[in-house]
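# Residue-level structural notes
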Amino acid sequence: MRKDWKYIAYFSAAVIIYLFVKMISPRELDWTITYYHKDKNPHGTYALHRVMGSLFPEKQIHQGNFTIYEWYDSVSQPVNFISFSTMFNPGKEDVLALLKNIDQGGTAFIAAQYFSGKFADTLGISTSDYFFNFPGSFNRNDSAHLEFTNPNLSPSNENVFPRKNIHNYFSTFDSTRTQVVVKNDLDLPVTLKITWGKGNLYINSTPLIFTNVYLLQGTNHQFIERTLSHLPVAD
């Protein structure tokens, strides 16, 4: 019996040591792209959600799983709408509700690598990937920068991101109602301001720059804050 207890003691000690090592060891990061506002992993937007409070002081910031149509059906006045995703392809009713809100004086900021369906067709926009258009011309592991077309906002060398995550740009848009707000180091547009009725729509083709891992690097947070500051605080 004593011999059995001896083995149990050894086993228990081994389990305790294993658990202790796991607790003090660096946790393995989950690099899944979620854009989820409660996700603290690299490609969540927890840090961005915290920044929102300072950008829109004393304003309620609502997060939800409603469709755009369902959400706008619950508000009585034009509001700010912000979305981050890999693909933005809302249904017809969602597009009509979104554009109606903007037309009446609301503002939207939508970041996605790809835009399609009714939304893209209505606005006449499309994105392209310069890795695909110019294969072999760039090293995906290089760093690259984004810069505002307004030189007073920030020096271009501060806004550095991995090239592999900012390779999409707007290849088609209506120049009669569109202003380029941000471009990449190849002079290609990545953030546009589209006038729509009484309001404005901002669209961005590099959504990954808004995730935790890049917002918290260097002075990138200043670039993100100045990008989102285009949205009116009063809304």
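Residues numbered from 1 in each chain as written. Predicted model: local features only at pLDDT ≥ 70, side-chain atom pairs only at ≥ 80, totals over all residues. Heavy atoms only, no water.

What follows concerns the side chain of Thr127. On the secondary structure map, Thr127 appears in strand 3 (residues 126-129). Take Thr127: its relative accessible area is 16%, and that puts it in the buried class. Side-chain polar atoms of Thr127 contact the backbone oxygen of Gln113, separated by 2.8 Å. In contact with Thr127, other than residues within four places in its own chain, are Gln113, Tyr114, Phe115, Asn168, Tyr169, Phe170, Ser171 and Ser205. (Helix = DSSP H or I, 4+ residues; strand = E, 2+ residues; numbered from the N terminus. Buried < 20%, exposed > 50% of the residue type's maximum accessible area, 1.4 Å probe, protein only. Polar contact = N/O pair within 3.5 Å; in protein donor to acceptor, adjacent residues only side chain to side chain. Contact = heavy atoms within 4.5 Å.)

Okay, the sheet that holds strand 9 (residues 199-204) next. As summarised here, the arrangement of the seven strands in space is 1-2-9-8-7-4-5, forming an open sheet in which the pairing is mixed. The open sheet has two edge strands, strand 1 (80-88) and strand 5 (160-162), and neither has a second partner. Averaged over all neighbouring strand pairs, the angle between strand axes comes to 25°, with direction disregarded. Bridge analysis of strand 8 (residues 189-196) against strand 9 gives six bridges, and the strand direction is antiparallel. Looking at strand 9, one finds that Ile194 is bridged to Leu201. (Pairing = 2+ DSSP bridges. Axes fitted to C-alpha atoms, helices over the stretch in contact; angles between N-to-C directions.)

Once that is clear, we can look at the packing of aromatic side chains. The final tally for this structure, using the stated rule, is twelve aromatic pairs. Pairing Phe84 with Phe109 gives two aromatic rings, centres 6.3 Å apart and planes at 50°, and the pair type is tilted. Of this pair, Phe84 sits in strand 1 while Phe109 sits in strand 2 (residues 107-115); the two residues are 25 residues apart in sequence, bridging distant segments of the chain. A single burial state applies to Phe84 and to Phe109, both of which are buried. Between Phe109 and Phe210, the ring centres sit 5.6 Å apart and the planes meet at 75°, which makes this aromatic pair edge-to-face. Placement of Phe109 in strand 2 and of Phe210 in the loop between strand 9 and helix 7 (212-215) is noted, with a sequence separation of 101 residues between them. Classification of Phe210 by relative accessible area gives buried; the value is 0%. Every member of this aromatic cluster is reached through a ring pair, and the members are Phe88, Phe115, Phe119 and Phe170. (Phe/Tyr/Trp six-rings, centres within 6.5 Å; stacked < 30°, edge-to-face > 60°.)

Glancing now at the pairing of strand 4 (residues 143-148). Of the two faces of strand 4, the one lined by Ala144, Leu146 and Phe148 is fully buried and the one lined by Ser143, His145 and Glu147 carries no buried residue. Looking at chain direction, strand 4 and strand 5 are connected through three bridges and run antiparallel. Within strand 5, the residue paired with His145 across the bridge is Val160. Inspection of the sheet shows strand 4 paired to strand 7 (residues 178-184) by three bridges, in the antiparallel sense. Among the inter-strand pairings, Leu146 is bridged to a residue of strand 7, identified as Asn184.

We now examine the layout of surface pockets. As a volume, the second largest pocket reaches approximately 180 Å³. In terms of lining, the second largest pocket is formed by eleven residues, of which the most central are Tyr72, Val75, Ala97, Lys100 and Gln104. Listed by contribution, the elements that provide at least two residues to the lining of the second largest pocket are helix 3 (68-72) and helix 4 (92-103). Looking at the lining of the second largest pocket, the element that brings in the most residues is helix 4, giving three residues. Grouping the constituent residues of the lining of the second largest pocket by class yields five nonpolar, four polar and two charged. (1 Å grid on protein atoms, 1.4 Å probe; cavity = no way out; pocket = protein on both sides within 12 Å on 5 of 7 lines; lining within 4 Å. Points joined across faces, edges and corners; volume = space filled by probe spheres on them. Nonpolar A, V, L, I, M, F, W, Y, C, P; charged D, E, K, R; others polar.)

Next up on the list: the packing of helix 2 (residues 46-55) against helix 8 (residues 220-228). Interhelical geometry of helix 2 versus helix 8 gives an angle of 55° and a closest axis separation of 11 Å. Between helix 2 and helix 8, the angle is such that the two are oblique. For the crossing formed where helix 2 meets helix 8, the hand is right-handed. In this structure, helix 2 contributes Leu48, Val51, Met52 and Leu55 to the contact, and helix 8 contributes Ile224, Glu225 and Leu228. Here the contact of helix 2 with helix 8 is composed, by residue class, of six nonpolar, no polar and one charged. (Parallel < 35°, antiparallel > 145°, perpendicular 65-115°, else oblique. Left-handed = near helix turned anticlockwise from the far one by under 90°.)

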